[in-house]
Amino acid sequence: MSKRYNVAVVGASGAVGEELFRVLEEVDFPVANLLPLASARSVGEEIECQGNTYKIQELTEDVFRGKEIDIAFFSAGGSISEKYAKYAVESGAVVIDNTSHFRMNPDVPLVVPEVNPEDIEAWEETGIIANPNCSTIQMVQLLKPLHELYGIKRVDVSTYQAVSGAGKAGMEELVMQMQAFFNFTLDEAKVESFAHQIALNVIPHIDVPLENGYTKEEMKMVNETNKIMHSDFAVSATCVRVPVLRSHSESITITFEEGVNVDVEKARKALGDFENVVVIDDMSKNEYPMPIISTDTDETYVGRIRKDLYADNILHIWGVADQVRVGAATNAVRIAQKWIALEEGA
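On a predicted model such as this, the values are computed, not experimentally measured, just so you know. (Residues numbered from 1 in each chain as written. Predicted model: local features only at pLDDT ≥ 70, side-chain atom pairs only at ≥ 80, totals over all residues. Heavy atoms only, no water.)

Chemist: Which parts of the structure should I look at to understand the pairing of strand S14 (residues 314–321)?
Modeler: If a strand is regular, its side chains alternate between the two faces of the sheet. Where burial is concerned, most of S14 is hidden: seven out of the eight residues are buried. In this sheet, S14 lies alongside strand S11 (residues 248–256) in antiparallel orientation, the contact comprising eight bridges. In the sheet register, Ile254 faces S14, and the bridge partner there is Leu315. The turn joining strand S13 (residues 300–307) and S14, which pair antiparallel and follow one another in sequence, is formed by six residues. (Buried < 20%, exposed > 50% of the residue type's maximum accessible area, 1.4 Å probe, protein only. Helix = DSSP H or I, 4+ residues; strand = E, 2+ residues; numbered from the N terminus. Pairing = 2+ DSSP bridges.)

Shown next, in the form of structure tokens:
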């Protein structure tokens, strides 16, 4: 990368925004100037990145004008992206959007760089590249090598999603409720971020329920998976909130095409050879992926790889990844790196 780029981060004071600055620094992203943007209440707060200090500015319709922003990361909610992304595009920036607003727009590429980097080339259609749902990202990273190996017919997934999926407020609510539990005041603790108390509980409800009995979060996984993988296999998801601060876990059952006789060792090798996937799979040593392993890392971990007891063409796996990084900030930065490589002809 010979050039340096002017970068804007919308949602600079949020959980994903803060993580974006960390990732940009860790990968030594070629930043020329950084423009952190947020709502009026965060204006003046300082952020640090790559040894420099920047003050958060207010996101407005005119803020991109004259700034010569090359890359704008949006992580402040779908309504914000809907309203303001066009102004960044009009100013000449490529928008990498971490919200759900543009994901299923047929003219907007939905990208996981390890899975479908070629789709980035379509960015010029709208000036926008969409970052998928966090649970979808880590799942398709595991599905891609297995689909290439055997051909997937159907996927059934149950997620165990950390409270950080609901942002800082979700994390704070779990911590406050646990503190209340130890103070014997849990019945007085606030329940705001989730439908029910999350401390010492499991809630099979993420996002709004739909008429088909699924939730919006579950349908994101269904629809986004096939868009990313350019596939048409069946997907069914049950998304569950668990009292874990960070990193989502997923139990995935994969049904391959008829006639496939799954070889577990071949599947394990295909997963282990895939970019940014780490296999941890030794039950005899109590070794398998867990949130405490994946948190604050940039890899997707997979284990409990086993063939179904009754059908030769079915495989069961367990995947875990830090959804703030792999499922959001890191994936967005990796998209930007691929976009730069494309622009520079690398």
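Next comes the rest of the description.
Chemist: Explanation requested: the sheet that holds strand S7 (residues 94–97) in the structure shown.
Modeler: Strands sit in the order S5-S2-S1-S6-S7-S8 across an open sheet of six strands; the sheet is parallel. Of all the strands in the sheet, the pair left with one neighbour each is strand S5 (57–58) and strand S8 (128–130). Across four bridges, strand S6 (residues 71–74) lies against S7 in parallel orientation. Bridging across to S7, Ile71 finds its partner in Val94. Strands in contact with helix H2 (residues 78–90) are strand S1 (5–10), S6, S7 and S8; relative to S6, the strand with the most contacts, it is inclined by about 175 degrees. (Contact = heavy atoms within 4.5 Å. Axes fitted to C-alpha atoms, helices over the stretch in contact; angles between N-to-C directions.)

Chemist: Please clarify how the sheet that holds strand S12 (residues 277–279) should be interpreted in this entry.
Modeler: In sheet architecture, strand pairing relies on hydrogen bonds along the backbone and comes in two forms, parallel and antiparallel. Reading across the sheet, the six strands line up as S10-S9-S11-S14-S13-S12 and stay open at both edges, with mixed pairing between neighbours. If you trace the sheet from one side to the other, it starts and ends with strand S10 (234–241) and S12, each paired once. Strand-to-strand, the axes of this sheet are offset by a mean angle of 20 degrees, without reference to chain direction. As paired strands, strand S9 (residues 152–161) and S11 are joined by eight bridges and run antiparallel to one another. Considered in S11, the bridge of Asp156 is made with Thr253.

Chemist: Looking at this structure, I do not really get the environment of Ala12. What am I missing?
Modeler: Summarising the element assignment, Ala12 is placed in the loop between S1 and helix H1 (15–26). As a C-alpha pair, Ala12 and Phe74 span 62 residues in sequence and 9.0 Å in three-dimensional space. Beyond its immediate sequence surroundings of up to four residues, Ala12 is in contact with Gly17, Glu18, Phe21, Pro36, Leu37, Ala38 and Ile56.

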